[in-house]
Amino acid sequence: MRRGPKILLWTVSGLVLLVAAAVLFIALFNWNLAKPTLNEKVSEALGRPFAINGDLQVRWTREPELGGWRAWVPWPHFYAHDITLDNADWGKSPRMATLERIDFRLAPLPLLAQTISIPRIHLIGPQAELERMQDGRANWDLELAKNEDENEQPSNWKLDIGTISFDRAQVALRDATLRTDMTVQVEPLGEPIAFSDIMAMGGQEGGAGQGEAAGPDGPPPGQPEPFAFAWKAEGSYQKQKLSGEGKIGGLLALQASDRPFPLQADVRAGSTRIALAGTLTDPLNLGALDLKLRLSGASMSQLYGLTGVTLPDTPPYYTDGRLRASLNEPGGAVYSYEGFTGKVGASDLSGDLRYVAASPRPSLSGKLRSNLLQLADLGPLIGVQSHGGQSKQAPQEETAKAAPGGKVLPREQFRTDRWAAMDADVTLTGKRIVHSEKLPLSNLDAHLVLKEGVLSLEPLRFGMAGGALDANIRLDGSRTPMPGRVQLRARNLKLKELFPGFEPMRTSLGELNGNAALTGTGNSVAALLGTANGELKILMNDGAISRGLTEIAGLNVANYLVTQLFGDDTVQINCAAADLRFRKGVAEPEVFLFDTENALVTIDGPINLRDETLDLDVRPHSKGFRIFSLRSPLYVRGTFADPKAGVQAGPLVARGAGMIALGALLTPVAGVLALVAPSVGEENACAGLVADMKKAPKAR
């Protein structure tokens, strides 16, 4: 035989003998003898005690599913029982992870190319105890051993792992930084559920059918993997009771950056419910989210503990929209809640919101719309408790809680501690406002800006009674006590629309105009008004008043006064004017009057917003020598919640004193002349009042 063939023969024979020897060694060797060495090496690499406590076996089996000649090549299958990884020395549990059994198969031929190929790993009974302390220490941060020889070349061997499967897994998480204590159980679905089936049901449980599984090569690139596992969670998050369930894709899909990883969840935390279904792109690097998202709960403010997003107290709500997120943006993760619809209380709500997790503060921006807006649902924005999400109480109990001590001004505290956690720039447009027939509102435009703890509503604009009510509000929540400023402007409010149920006003061409500019300090509406400085000016022309009007408005004290002044008759008002000056929460009238054909009625005295008390004198002045029924002044005393009215004891009011009063009031009334707006088609009656004042003798 020639030398070349001999060498080839000996080489092939040597390889066959080597493989045979390796096969015999693996098959006959007692692998339990290797456990101490394996345990020691793995413990050293992980920096934590590791042990295979049970049996370690290797069995050779053929793989018929491979087909062809490969089906006749035996593969080694490894089995290890009772595996443990100890916890950190500060952990509460002795073990961080345990495993009843692990088995995997090793492809022999790739070893010739220095590749360790493990097509499948199966885990039985995996359990993990994950803990993180308040100082940030986490037991999953392993101190992996480092190679101290810097000159040593990296290994040429490669590791190729295929699928990882398990029957049921349990993970307990105790995280002091998130104030979380929960247990999560994960188990395989058996037959995978198609992603399209879940999305067709909007992510809701109970209706998804068992869709066809993906092919052997998985779905096409860019298409989500099918759902492979179901999970359930119980425990608490941010000290709120939490429970949830859902589905996720397979573990192999976690490694595919070009294939979205499917997610589905239905979670309840306190009264809040979060239902979602969608995908996570490049899950190992948290690339992007695309989810159908439904939110509901007793109040949007309860989302702060779950998400860190500052939202106002609201009545019960729900929303349904699409959440998209880019999680690796340079300026911080960007979340967009697009095209959502829902309700807040009895109001519908839709729009788009964008949240940027920027530094030093995240920001929220967007545009909201409402076709039908209940004004009561906006109450919490101005410190009025809606009680929409509270436990059911008797009305008197709710009133006592919101305004203790018989007070009527809103005392609900603004949550200024949350304002500094986020910036915001949000607009709200309401097409139709519903309050009651007593307050006809037609639309709303609001622009809310929150920056560095300072909240502003500029503008806050209502369409009202054929006119407009504009407000600019600024509250500086970065300071204690909180400074506040409000500017109001009412123009062309039609009296016939302000009082649609009052028959004598239906033909009136009169209007109401007003201005207000107030500043104060405090953390509620009551506190701000109780320290208010500024002014309020109101001018009304061509109106009417009667006992019936005050009954419509629900004003018992006014009902008494009107009855005493005018009896049951309807009286036309030529002009009514008020100019109130506020100083440290006390309003004093510069002028407060209304002029009728027969009399001029003036009101004087303090209105104390600090303690909510009244001390008003109501004085009628007869014009000329006309007969006037009432001969004594009236008074209004007491509190806002329980005012008392009566007739003052003392001298009678002199007839003809009205002209003297007109002269005395000329100077202060001139301060509201800028509010005079002529009625349609005729001269404004307030102009006649001013003309009378100029002719009247001055009071001495």
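Conventions used here
- Residues numbered from 1 in each chain as written.
- Predicted model: local features only at pLDDT ≥ 70, side-chain atom pairs only at ≥ 80, totals over all residues.
- Heavy atoms only, no water.
- Helix = DSSP H or I, 4+ residues; strand = E, 2+ residues; numbered from the N terminus.
- Contact = heavy atoms within 4.5 Å.
- Phe/Tyr/Trp six-rings, centres within 6.5 Å; stacked < 30°, edge-to-face > 60°.
- Buried < 20%, exposed > 50% of the residue type's maximum accessible area, 1.4 Å probe, protein only.
- Pairing = 2+ DSSP bridges.
- pLDDT = per-residue confidence, 0-100.
- Patch = residues over 30% accessible without salt bridge, like charges linked within 9 Å, V, L, I, M, F, W, Y side chains within 5 Å.
- Areas by Shrake-Rupley, 256 points an atom, 1.4 Å probe, with all protein chains shown as cover.
- Salt bridge = Lys/Arg side-chain N within 4 Å of Asp/Glu carboxyl O.
- Expected span 1.5 Å × (residues − 1).
- Arc of directions from axis to C-beta.

Asks: Outline the environment of Gly638, listing residues and values.
Replies: Tracing the chain through its elements places Gly638 in strand E33 (residues 634-639). Along the sequence, Gly638 and Leu616 sit 22 residues apart, while their C-alpha atoms lie 9.6 Å from each other. In contact with Gly638, other than residues within four places in its own chain, are Glu612, Thr613 and Leu614.

Asks: Any details on the packing of aromatic side chains? Residues and values, ideally.
Replies: To describe a pair of aromatic rings, one takes the distance between the centres and the angle between the planes. Tallying each qualifying case throughout the model produces 5 aromatic pairs. Judged by centre distance (5.1 Å) and plane angle (10°), the ring pair of Phe78 and Phe104 falls under stacked. Of the two residues, Phe78 sits in strand E3 (residues 75-86) while Phe104 sits in strand E4 (residues 95-105), which places them 26 residues apart along the sequence. Taking relative accessible area as the criterion, Phe78 reaches 16% and is therefore assigned buried. Residue classification places Phe104 among the partly exposed residues on the basis of a relative accessible area of 23%. For the pair Phe166 and Phe229, a centre-to-centre distance of 4.6 Å together with 15° between the ring planes defines the contact as stacked.

Asks: Please set out the pairing of strand E20 (residues 423-430) residue by residue, giving values where relevant.
Replies: Strand direction decides the pairing type here: strand E18 (residues 363-370) and E20, joined by 8 bridges, are parallel. Each bridged residue has a counterpart across the sheet, and for Gly366 the counterpart in E20 is Val426. Pairing analysis gives 7 bridges linking E20 to strand E22 (residues 441-451), with the strands arranged antiparallel. The partner of Gly430 across the bridge, within E22, is Leu444.

Asks: Please provide a residue-by-residue account of unusual backbone geometry, values included.
Replies: That bond from Glu458 to Pro459 is cis: its omega, 5°, falls within 30 degrees of zero. On the secondary structure map, Pro459 appears in strand E23 (residues 454-464). The step from Thr480 to Pro481 runs through a cis peptide bond, and the omega angle for that step is -5°. Mapping Pro481 onto the fold places it in the loop between strand E24 (467-476) and strand E25 (483-494). Of note, the phi angle at Lys239 is positive, near 65°, even though the residue is not glycine. Here Lys239 lies in the loop between strand E10 (227-237) and strand E11 (240-249). The residue Ala465 is not glycine, and still its phi comes out positive at about 50°. Within the secondary structure, Ala465 is located in the loop between E23 and E24. Overall, the relative accessible area of 3% leaves Ala465 in the buried class.

Asks: Explain the confidence of the model for the chain residue by residue, including any values.
Replies: On average, residues of the chain score 77 in pLDDT, and 70% of them reach the 70 mark or higher. Mean pLDDT in the chain bottoms out at helix H5 (residues 395-402), which sits at 40, and peaks at strand E31 (residues 607-608), which reaches 94. Note that pLDDT drops below 50 for residues 203-221; the model gives that stretch 39 contacts with residues more than four away or on any other chain. Counted against residues more than four places away or in other chains, residues 654-660, with its pLDDT under 50, gives 15 contacts.

Asks: Give me a nonpolar patch on the surface: which residues, what numbers.
Replies: Taken together, Leu111, Ile116, Trp157 and Leu159 make up a surface patch of nonpolar side chains, about 360 Å² in accessible area. The topology assignment puts Ile116 in strand E5 (residues 115-124). Residue Ile116 is classed as partly exposed on the basis of its relative accessible area, which comes to 30%.

Asks: Report on helix H2 (residues 35-46), specifying residues and quantitative values.
Replies: Over its 12 residues, H2 runs 16 Å from end to end, which matches the ideal 16 Å to within 8%, given 1.5 Å per residue. Within H2, burial applies to Lys35, Asn39 and Ser43. An end-on view of H2 places all buried positions within 60° of arc, on one side of the element. Across from the buried face of H2, at angles greater than 90 degrees, the exposed residues are Glu40, Lys41 and Glu44. Those residues of H2 that are buried lie in contact with strand E1 (50-52) and strand E2 (56-61). Looking one or two places after H2, you find Gly47, whose phi comes out positive at around 70°.

Asks: Report on the environment of Glu143, specifying residues and quantitative values.
Replies: Mapped onto the elements of the fold, Glu143 is located in the loop between strand E6 (127-132) and strand E7 (158-166). For the pair Glu143 and Arg48, spaced 95 residues apart in sequence, the C-alpha to C-alpha distance is 7.8 Å. Excluding its chain neighbours within four sequence positions, the residues that come into contact with Glu143 are Ala45, Leu46 and Gly47.

Asks: Please give an account of the environment of Pro108 that cites residues and values.
Replies: When you line up the elements, Pro108 lands in the loop between E4 and E5. In sequence terms Pro108 and Pro74 are 34 residues apart; their C-alpha atoms lie 8.3 Å from each other. When near neighbours in sequence (up to four residues on either side) are disregarded, Pro108 contacts Val73, Pro74, Trp75 and Pro76.

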